[in-house]
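Architecture at a glance
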Amino acid sequence: MPVFDSQTVRVKVAVTDSLSIVTSDTSDADFIVDNTNPTLTLSYTAGGEVLAGGATANIAWTAADANFSAVALEVSSDDGSTWSSIVTGQGTAGPYAWTVPSVTSQTYKVRAIATDVAGNSLTQTSGTFWINSSTPLVTVTAGNGGEYWKGGVSNNITWTSSGLPVGAATAAVSYSYDGGSTWNSIATGQANSGTYAWTPTCGTDQSQVRVKVAVTDSFSVVTSDTSDANYVIDCTDPSLTLTSLTGGQVITAGANFNITYTASDTNFGATPLKLEYSTDSGSTWTTIAAATANSSPYAWSVPNIYSTTARVKITATDPSGRVTVDQSASDFAINNTSPLVTATYP
């Protein structure tokens, strides 16, 4: 077969017999000799993409040939070792809407094969691309909202993740002091499920704190979760002043005595105060009330004892664990003896 391209080829066959008589015949019509492969460009997928499993991807190509026949599309799930058909009989240009398999893999390729009527063909193969059908879930478990954290000390942010594809995944942790409008980085390169000990700096109290954990999986897909609600970082100790039994008083045993004080805190709970008394100048303490409301005065049922070295102490604790203590500056007396009266006349 001669190597040339032509649209107007004919052949002739001439037979010469033993008497030198020549008889011949030629083609009834022109035919084509084609030695040129089609041109073909595969523009999508090119390689490096991350396709969502079950979604539609538009495979795009352009092909040309004077004697064009068709384009066939094929897919490989093993980096090109084996191939299976997507579709045949396509024209010179895409796209073709391919339903991406619902798998999770990093070894997919597609290829386009253009052929002409003479059987010449050209194949273009994409680079490797990824298909991700997993549905990652990231959940912040602390602080997820409603907490009271003490500023200036370590507080554990915790999170879990599931549904991640096989391969490395890392988490980035950030915080917001304005309810999630703006974010600041705390840490990157963390485990996809884990704990980060965060020590928030203390300036003023923050009441619109949220955290966000963003996990990047092996397909570079980012999934994140933020706190469900605001929480508090508390940088201020409670204010507390004992205003009675500060020292030097004498009170009656077995009676009620009003312990007075002033106490305040932005984040006080329902029963933030603990009251105690001592009969040995504060070396040991006995509970008056383990947890009571911030409602001065407190009516103390004074024990029926005698002491000249009594003191009282109040401890105020807010929900973040910040504590302020105030107590008698010096001893006072508890008297359980009755006065002695002696008649001297008559």
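As a starting point, this report considers the structure included with it. Just so it is clear, the structure is predicted and the values come from calculations on it, not from any experiment.

1. Some thoughts on the overall build of the protein chain
- A tally of regular secondary structure across the protein chain gives zero helices and 32 strands.
- For a compact globule of 346 residues, the expected C-alpha radius of gyration is about 20 Å, and the protein chain comes in at 44 Å, more than 25% above that figure.
- Along the first, second and third principal axes, the C-alpha set of the protein chain runs to 190 × 30 × 25 Å.
- Buried positions account for 37% of the 346 residues belonging to the protein chain.
- When contacts within the protein chain are restricted to residue pairs at least 6 apart in sequence, long-range pairs at least 24 apart make up 64% of them.
- Accessible surface for the protein chain amounts to roughly 17800 Å². Of this, 49% is attributable to carbon and sulfur atoms.
- Computed over 11 positive and 26 negative side-chain charges, the separation of the two mean positions in the protein chain equals 9 Å.

2. Here we look at the state of the cysteines
- Tallied over the entire structure, the rule returns one disulfide.
- Disulfide pairing is shown between cysteine 202 and cysteine 235; the S-S distance is 2.2 Å. One disulfide, between cysteine 202 and cysteine 235, carries an S-S torsion of -105° and so falls in the left-handed class. Of the two residues, cysteine 202 sits in the loop between β19 (194–198) and β20 (206–216) while cysteine 235 sits in the loop between β22 (231–234) and β23 (239–242), which places them 33 residues apart along the sequence.
- Its relative accessible area of 38% is what places cysteine 202 among the partly exposed residues.

3. Overview of the sheet that holds strand β7 (residues 56–64)
- As summarised here, the arrangement of the three strands in space is β5-β7-β10, forming an open sheet in which the pairing is antiparallel. Of all strands in the sheet, those bounded by a partner on one side alone are β5 (39–44) and β10 (96–99). Across the sheet, the axes of successive neighbouring strands diverge by a mean angle of 30°, strand direction being ignored.

4. As for the side chain of threonine 45
- When you line up the elements, threonine 45 lands in the loop between β5 and β6 (50–52).
- Discounting residues that sit within four places of it in the chain, threonine 45 has contacts with Leu51, Val110, Ser126 and Phe129.

5. As for the environment of asparagine 37
- With respect to the helices and strands, asparagine 37 occurs in the loop between β4 (31–33) and β5.
- Separated by 86 residues in the primary sequence, asparagine 37 and threonine 123 have C-alpha atoms spaced 9.9 Å apart.
- Not counting residues within four places of it along the chain, the set of residues in contact with asparagine 37 comprises Asp65, Asn120 and Ser121.

6. Examining the sheet that holds strand β16 (residues 155–162)
- Spatially, three strands are ordered β14-β16-β19 in an open sheet, and the strand pairing comes out antiparallel. The sheet is open, and its two borders are formed by β14 (137–142) and β19, each paired with just one other strand. The mean angle between the axes of side-by-side strands here comes to 25°, regardless of whether they run parallel or antiparallel.
- Where β16 lies against β19, five bridges are found, and the strand directions are antiparallel. Directly across from isoleucine 157, in β19, lies its bridge partner tyrosine 196.

7. A look at the pattern of salt bridges
- This structure, assessed with the given rule, holds five salt bridges.
- For arginine 111, the salt bridge identified is with glutamate 74, shortest N-O distance 2.6 Å. On the criterion of sequence distance, the pair formed by arginine 111 in strand β11 (residues 105–116) and glutamate 74 in strand β8 (residues 68–76) is long-range, its members being 37 residues apart.
- Taking the relative accessible area as the measure of exposure, glutamate 74 reaches 17% and is therefore buried.

8. Observations concerning the packing of aromatic side chains
- Per the stated rule, a full pass over the model turns up seven aromatic pairs.
- Judged by centre distance (6.2 Å) and plane angle (45°), the rings of tyrosine 108 and phenylalanine 129 are tilted. Remark: phenylalanine 129 occurs in strand β13 (residues 129–132) and tyrosine 108 occurs in strand β11; sequence separation between them is 21 residues.
- Classification of tyrosine 108 as buried rests on a relative accessible area of 9%.
- Judged by relative accessible area, which is 0%, phenylalanine 129 ranks as buried.
- Residues tryptophan 149 and tryptophan 198 carry aromatic rings whose centres are separated by 6.5 Å and whose planes lie at 65° to one another, so their mutual orientation is edge-to-face. Here tryptophan 198 lies in strand β19 and tryptophan 149 lies in strand β15 (residues 148–150), a separation of 49 residues in the sequence. Residue tryptophan 149 shares its accessibility class with tryptophan 198, and that shared class is buried.
- Each member of the aromatic cluster is reached from another via a ring pair, and the members are Trp149, Tyr175, Tyr177, Trp198 and Tyr231.

9. Description of unusual backbone geometry
- The step from tyrosine 44 to threonine 45 runs through a cis peptide bond, and the omega angle for that step is 5°.
- In this structure, proline 297 follows serine 296 across a cis peptide bond, with omega equal to 5°.
- Position of proline 297 among the secondary structure elements: in the loop between β28 (286–292) and β29 (298–301).
- Of note in this structure, serine 20 is not a glycine but carries a positive phi near 65°.
- Tracing the chain through its elements places serine 20 in the loop between β2 (12–16) and β3 (22–26).

10. Observations regarding the nonpolar core
- Ile259, Leu273, Trp300, Val312, Ile314, Phe332 and Ile334 are the most contacted members of the largest nonpolar core, which totals 21 residues.
- Looking at this core, the element that brings in the most residues is strand β30 (residues 307–317), giving four residues.
- Apart from residues lying up to four places away in sequence, leucine 273 is in contact with Tyr261, Ala263, Phe268, Ala289, Ala290, Ala291, Thr292, Ala293, Asn294, Ile314, Thr315 and Ala316.
- Among the nonpolar cores identified, the runner-up in size contains 20 residues, and Leu51, Leu73, Tyr108 and Ala112 belong to it.

About the criteria used
- Residues numbered from 1 in each chain as written.
- Predicted model: local features only at pLDDT ≥ 70, side-chain atom pairs only at ≥ 80, totals over all residues.
- Heavy atoms only, no water.
- Helix = DSSP H or I, 4+ residues; strand = E, 2+ residues; numbered from the N terminus.
- Rg over C-alpha atoms; globule rule 2.2 N^0.38 Å.
- Buried < 20%, exposed > 50% of the residue type's maximum accessible area, 1.4 Å probe, protein only.
- Contact = heavy atoms within 4.5 Å.
- Areas by Shrake-Rupley, 256 points an atom, 1.4 Å probe, with all protein chains shown as cover.
- Lys, Arg positive; Asp, Glu negative; His and termini not counted.
- Charge placed at Lys NZ, Arg CZ, Asp CG, Glu CD.
- Disulfide = S-S within 2.5 Å.
- Pairing = 2+ DSSP bridges.
- Axes fitted to C-alpha atoms, helices over the stretch in contact; angles between N-to-C directions.
- Salt bridge = Lys/Arg side-chain N within 4 Å of Asp/Glu carboxyl O.
- Phe/Tyr/Trp six-rings, centres within 6.5 Å; stacked < 30°, edge-to-face > 60°.
- Core = buried A, V, L, I, M, F, W, Y, C linked by side-chain atoms within 4.5 Å.

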